[in-house]
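# Summary of structural features
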Amino acid sequence: MDRPINLFLQSSFDSLFAQWGEQHWWPGETRLEIMLGAILTQNTAWKNVERAIFTLRKNKALNLQTLEKTSVEQLAEWIRPAGYFNQKAIYIKGMVKVICEQFDGLLDHLFTLDTPALRKELLSWKGVGPETADSILLYAGKRPAFVIDTYTRRFLSRHGGCSEKASYDSLAKLFTDSLPENVTLFNEYHALIVRLGKEHCHTHPQCKGCPLEAFL
Ligand code: SF4
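Along every chain, residues carry numbers that run from 1 in the direction the sequence is written. Only residues with pLDDT of 70 or above have their local features reported here, since the model is predicted, and side-chain atom pairs are shown and tallied only from 80 upward, although totals for entire chains, interfaces and linings are computed over all residues. Computation of side-chain values covers all heavy atoms of the structure but excludes hydrogens and water.

## Overview of the site of the ligand
- Every residue lining the ligand is accounted for by R158, H159, L196, H200, C201, P205, Q206, C207, C210, L212, E213 and L216.
- A breakdown of the residues in the shell around the ligand according to their chemical character gives seven nonpolar, three polar and two charged. Neighbouring residues are identified by heavy atoms, a residue being near a molecule or strand if any of them is within 4 Å of it. Polar here means any residue other than Ala, Val, Leu, Ile, Met, Phe, Trp, Tyr, Cys and Pro, which are nonpolar, and Asp, Glu, Lys and Arg, which are charged; Gly is therefore polar.

Spelled out as structure tokens, the structure:
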């Protein structure tokens, strides 16, 4: 890379945004729906998450009270389209249990935690790793967390900004240290990187016509 990383990251955002504009993430109507989506999207495409959320909505289960009294087996059946449904049902039931027992069943109480405490809390939940925790922080909590995923690691390493094996936390720090602390920017940037990964920066990159081609 022939320019400082902070300039590269800002210029990359500018190019992606100039090309594609606002991405209108996260698709979810409530904080709970966003949190469910963050778990359901693990290892699956978003269209499958939408089908699972649709089934939950159809069964009037997009609230903590119903999820709390629903059996794990029933929940697994409802979220079947999202794949790994038995495991994800256990994760969701665990999340609901913590919120009901430790936060009075109120997301408002959970989200009163400051960002480091909230992140630590989320990471203590079964099935919630750094990417899921940061998605919840950013999209449900509107906190300045940067979500790192496979697409982020791929485009950055291809442009010499990190090694393929860089840790999740070091990459997140790279973004948060290099960019202004701005929730809207972090939200939009992650969404644009996902689009970049889907349209150009595949396993076999299609650099021709890519908004970041000029940075190679
Ligand atoms: S497709 Fe090519 S130009 Fe685009 S981000 Fe990936 S490596 Fe860079």
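## What to know about the pattern of salt bridges
- Only one rule defines a salt bridge in this text: a Lys or Arg side-chain nitrogen within 4 Å of an Asp or Glu carboxyl oxygen. Tallied over the full model, the rule gives nine salt bridges.
- Notably, a salt bridge pairs K97 with E101, separated by 3.5 Å at the nearest N-O pair. With K97 and E101 both in helix α6 (residues 85–102), this residue pair falls four residues apart, about one helical turn.
- We call a residue buried when its accessible area falls under 20% of the maximum for its residue type, exposed when it is over 50%, and partly exposed in between, using a 1.4 Å probe and counting protein chains only. Note on K97: relative accessible area 47%, which makes it partly exposed.
- You can call E101 exposed: its relative accessible area is 55%.
- In the salt-bridge network here, residues are joined through shared partners; they are E29, E33 and R57. For helices the rule is a DSSP run of H or I covering at least 4 residues; for strands it is a run of E covering at least 2, with both sets numbered from the N terminus onward.

## Things to note about the domain arrangement of the protein chain
- How far each domain reaches was decided by an automatic or database domain assignment. Domain parsing of the protein chain yields domain 1 (5–24 + 146–215) and domain 2 (31–140).
- The distance between the C-alpha centroids of domain 1 and domain 2 comes to 26 Å.
- Should any heavy atoms of two residues lie within 4.5 Å, those residues are considered in contact. Across the contact, 11 residues belong to domain 1 and seven residues belong to domain 2.
- For the pairing of domain 1 and domain 2, the buried interface totals around 730 Å² over both sides, and the portion due to carbon and sulfur atoms is 62%. Summed over both partners, the accessible surface that disappears when two parts come together, traced with a 1.4 Å probe, is what is meant by buried area.

## Comments concerning the packing of helix α1 (residues 5–20) against helix α11 (residues 168–178)
- Where helices are involved, their axes are fitted lines through C-alpha atoms of the stretch in contact, as for all axes, and angles between N-to-C directions lie from 0 to 180°. With their axes 9 Å apart at the nearest point, α1 and α11 run at an angle of 80 degrees to one another. The pairing of α1 with α11 is recorded here as roughly perpendicular in orientation. Side by side, α1 and α11 meet where I5, N6 and L9 of the first sit next to L174, F175 and S178 of the second.
- Tallied by class, the residues present in the contact of α1 with α11 amount to four nonpolar, two polar and no charged. Note that the term roughly parallel is reserved for angles under 35 degrees, roughly antiparallel for angles over 145, roughly perpendicular for angles of 65 to 115, and oblique for everything else.

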